[in-house]
Amino acid sequence: MQTVTLLTDPARPTLDTALVESLRNAWGGGVARWLSPGEAAEFEVPAPPRNLRDVWEELQRLGVDLAVQQAGDRRKKLLVADMDSTMIRQECIDELAEVAGVGAHVREITARAMNGELDFEGALTERVALLEGLDEAVIQEVLASRITPMPGGAALVATMRAAGAHTLLVSGGFTAFTGPVAEAIGFNEARANLLESEDGRLTGTVARPILGRDAKVRALEETAARLGITDSEVLAVGDGANDLGMLGRAGLGVALHAKPAVQALCEVRVNHGDLTALLYLQGYARSEFTAAGR
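Note that the structure is a prediction, hence the values are computed from the model and not measured. (Residues numbered from 1 in each chain as written. Predicted model: local features only at pLDDT ≥ 70, side-chain atom pairs only at ≥ 80, totals over all residues. Heavy atoms only, no water.)

S.K.: Sorry if this is basic, but what is going on with the side chain of D239 here?
M.R.: Here D239 shows up in the loop between β10 (234-238) and α10 (244-249). A polar atom in the side chain of D239 sits 3.2 Å from the side chain of T86. Once you skip the residues sitting within four places of it in the chain, D239 turns out to touch D82, D84, S85, T86, E91, L256, H257, A258, K259 and V262. (Helix = DSSP H or I, 4+ residues; strand = E, 2+ residues; numbered from the N terminus. Polar contact = N/O pair within 3.5 Å; in protein donor to acceptor, adjacent residues only side chain to side chain. Contact = heavy atoms within 4.5 Å.)

What follows is the structure in structure tokens.
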């Protein structure tokens, strides 16, 4: 059996009962279960629908996300999440670059790297070099004034932790940001790159080895092994090309508002929902969210 999940933007909960019932009937599904009225619903079908891709594209035009997974216990024991443009709305290096006066150039490099057009390590090294001489104090200013959480992140982490899951924030960005972000959202732990500095100013270099695509996969593997769980019990979420390795390795890999090259390679894509979509994909109802996310 397969579980079909339909969801939309919780800020505009417009998932229509008629649409859910029409699709359920067309695919010979079981009784629909509403995870949140107007926002998320699921039902089971005997096998993956043959016209899934066509239906997915049509629903995208209606502002509805659609995913089909193996039925059964879908609740994961480990969350591995990217940070930039995933758990927060921004790319931290782009925000630092704005303050340094090289914002447009760095944003262009970031966009190309995240879409897989550039080597991640080379692109990161090039962008960090442009920050040479920047006062370290700017990092705290950027954190306070420019960094905002992605909606639903606190609910996702708090609810999974309340259910016994471990949560890991793993970023190709910098520890100066992942530490405060992980603490604010409630992650168990975080891994990222270290921006090097001297006498209170950035040197324009990043400590080696650089944490990129392969390191994210290793972080998933090492943490799962430490917890004594399998890859099938892992949920990974990200938006850029350097997330593809961990998205493919996890039992449930979710491309969240992802770059085109990433969406093209991922089965589960969330383009309209927020981070609470990852709870609905695991079968959680909104009534089961912890107080932090209600």
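Let us keep going from here.
S.K.: Would you mind going over the packing of aromatic side chains with me for this structure?
M.R.: Any aromatic ring pair is given by two values, namely how distant the centres are and how the planes are angled relative to each other. Per the counting criterion, the structure on display carries one aromatic pair. Where Y280 meets F289, the ring centres are 5.5 Å apart and the plane angle is 40°; that geometry is what we call tilted. Residue F289 is classed as buried on the basis of its relative accessible area of 0%. The ring of W56 carries R269 above its face, with NZ or CZ at 3.9 Å from the centroid. (Phe/Tyr/Trp six-rings, centres within 6.5 Å; stacked < 30°, edge-to-face > 60°. Buried < 20%, exposed > 50% of the residue type's maximum accessible area, 1.4 Å probe, protein only. Lys NZ or Arg CZ within 6 Å of the ring centre and 35° of its normal.)

S.K.: Explain helix α5 (residues 120-129) to me, please; I cannot follow it from the model alone.
M.R.: Every α-helical turn comprises 3.6 residues, leaving residues that sit three or four positions apart pointing alike. Residues of α5 that are buried include every one of F120, A123, L124, R127 and V128, and no others. Each buried residue of α5 lies within a common arc of 130° when the element is viewed along its axis, so the set occupies one face. Those residues of α5 hidden inside the fold are in contact with α3 (92-100), α4 (103-114), β6 (166-174), β7 (189-193), β8 (195-198) and β9 (201-206). Capping the start of α5, D119 holds a side-chain oxygen 3.4 Å from the backbone nitrogen of E121, two or three residues further along. (Arc of directions from axis to C-beta.)

None of this, on its own, says anything about what the molecule does.
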